[in-house]
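If you want the building blocks of each chain, they are given just below.
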Amino acid sequence: MGKALIIGCGGVASVAIHKCCQNSEAFEEICIASRTKSKCDALKEKLEGTTKTKIQTAQVDANNVDELIALIEKFNPDVVLNLALPYQDLTIMDACLATKTHYIDTANYEPEDTAKFEYKWQWAYREKFKEAGITALLGSGFDPGVTGVFSAYALKHEFDEINYIDILDCNGGDHGYPFATNFNPEINIRANGSYWEDGHWVETKPMEIKREYDFDGVGMKDMYLLHHEEIESLALNMPGIKRIRFFMTFGQSYLTHLKCLENVGMTSIEPIMYEGKEIVPLQFLKAVLPDPASLGPRTVGKTNIGCIFQGKKDGKEKKYYLYNICDHQECYKEVGSQAISYTTGVPAMIGAMLVMNGTWQKPGVYNIEEFDPDPFMDALNKWGLPWKESWDPALVD
């Protein structure tokens, strides 16, 4: 039994909060905190009476370390689950350090004014968290998150050495809009292309490398190579690794709209002046696009996200595929969100639970694949993201 402070109240946070309330044996009490307290209050009202978990709400500016410290000291949680924007990771980590409180997030830090995300800023906190005697668990979503757990599980149970990892993220859902992003648009649109091979990064243009793959439960889809943060940590933590790639599916309509928006400057993060006010085009675009949290009731179809591994076991070449299939409508029936938010929110709850109950506690800053994967894998099956295995998958060329 423990207390969790959850910062953020968007689509992913809503799923994580629902799951915490389903898991009252672990989460005795939670506090939902966001800049807009009314969203927290509405979720509290919806969930109270359906759970034994006690729910508090609070207003907080996640960019303000002093406000965060005051809230943590007032609520006194065992863990802080950061489901705010990646730009706010470091202020929340600073507040956790000041209060000696365990920290969990789902996405690595990205400066608001630079389209570049990497772990160096958070890894720089390793010694500070170690000295404070507290744990920071980085990337406890699906990708990053479950993909790292899958990698640790494959290395522990299936391989002596993993040489190649292809992470495949397929969204076969249809929300019916001409154009919308199924995650935070600011994050979704800023992804560039790169992969890890033979000890270094190979840079590509966004959407430059395209492959087709026949996904179980979804069918044949076009997918494109992107940069993704778990590549950076897996390259360090997977012994014998030679190449790691990340592919995500996109429909042609999405790509056409995105290219048009790029051409007219709407995906820029450079501030411009408009009617005497400074605005960022990408943030304005986010405001006019459908809220990702609103896509749930409209979205039909399934997601398929997983990892294809190639390596050696007992001196012999081997391949292995671990993946999850998630149904958008089933997610909406359960928690009122589509599968993209669900597949991130469930692992966020699991990571917070494992740190809170001591299963995954060690002082310092760690990526998720640095912990024993077995308790997390068991929890995925229990809490709504059952995994499948194949020992003879089709490979990506």
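Structure first, text after, so check above.
Residues numbered from 1 in each chain as written. Predicted model: local features only at pLDDT ≥ 70, side-chain atom pairs only at ≥ 80, totals over all residues. Heavy atoms only, no water.

*Asks:* Can you tell me about the sheet that holds strand 6 (residues 135-138), naming the residues and giving the values?
*Replies:* Taken together, the seven strands give an open sheet; going across it, the order is 3-2-1-4-5-6-17, and neighbouring strands pair in parallel fashion. In this open sheet, the two strands that pair with only one neighbour each are strand 3 (54-59) and strand 17 (364-367). Strand-to-strand twist in this sheet, taken as the mean axis angle between neighbours without regard to direction, amounts to 20°. Here strand 1 (residues 2-7) runs beside strand 4 (residues 79-82); their pairing, made up of four bridges, is parallel. By the bridge assignment, Ala 4 is partnered in strand 4 with Val 79. (Pairing = 2+ DSSP bridges. Helix = DSSP H or I, 4+ residues; strand = E, 2+ residues; numbered from the N terminus. Axes fitted to C-alpha atoms, helices over the stretch in contact; angles between N-to-C directions.)

*Asks:* Explain the side chain of Gln 338 to me, and be specific about the residues and the numbers.
*Replies:* If you trace the backbone, Gln 338 turns up in the loop between helix 12 (328-335) and helix 13 (339-356). One polar contact links the side chain of Gln 338 to the main-chain amide nitrogen of Ser 341, over a distance of 3.1 Å. (Polar contact = N/O pair within 3.5 Å; in protein donor to acceptor, adjacent residues only side chain to side chain.)

*Asks:* Run through unusual backbone geometry, naming residues and quoting values.
*Replies:* In the segment running from Asp 143 into Pro 144, the intervening peptide bond is cis, with an omega of 10°. Topologically, Pro 144 is positioned in the loop between strand 6 and helix 7 (146-157). Even without being a glycine, Asp 314 presents a positive backbone phi close to 55°. Here Asp 314 shows up in the loop between strand 15 (302-313) and strand 16 (316-327). A relative accessible area of 62% places Asp 314 in the exposed class. (Buried < 20%, exposed > 50% of the residue type's maximum accessible area, 1.4 Å probe, protein only.)

*Asks:* I'd like a rundown of the pairing of strand 4, residues and numbers included.
*Replies:* On strand 4, burial covers both faces: Val 79 and Leu 81 on one face and Val 80 and Asn 82 on the other are all buried. Of the pairings in the sheet, the one linking strand 4 to strand 5 (residues 102-105) comprises four bridges and is parallel in character. For Leu 81, the partnering residue across the bridge sits in strand 5 and is Ile 104. The parallel pair strand 4 and strand 5, bridged by helix 4 (residues 89-99), forms a crossover whose chirality is right-handed. (Right-handed = clockwise from strand over helix to strand, strands pointing away.)

*Asks:* An account of the pattern of salt bridges is needed here, citing residue identities and associated values.
*Replies:* Enumeration according to the criterion identifies 18 salt bridges in this entry. Of the charged contacts, one joins Asp 41 and Lys 37 as a salt bridge, the two residues approaching to 3.1 Å between their closest N and O atoms. Taken together, the positions of Asp 41 and Lys 37, both in helix 2 (residues 37-47) and four residues apart, correspond to about one turn of that helix. Measuring nitrogen to oxygen at the nearest pair gives 3.9 Å for the salt bridge that ties Lys 312 to Glu 161. A residue pair is termed long-range when its members are at least 10 positions apart, and Lys 312 in strand 15 and Glu 161 in strand 7 (residues 161-171) qualify at 151 residues. The exposure class of Lys 312 is partly exposed, given its relative accessible area of 26%. Overlapping salt bridges, with partners in common, bring together Lys 156, Asp 372 and Asp 374 in one network. (Salt bridge = Lys/Arg side-chain N within 4 Å of Asp/Glu carboxyl O.)

Take it as geometry only, folks, not as evidence of what the structure does.
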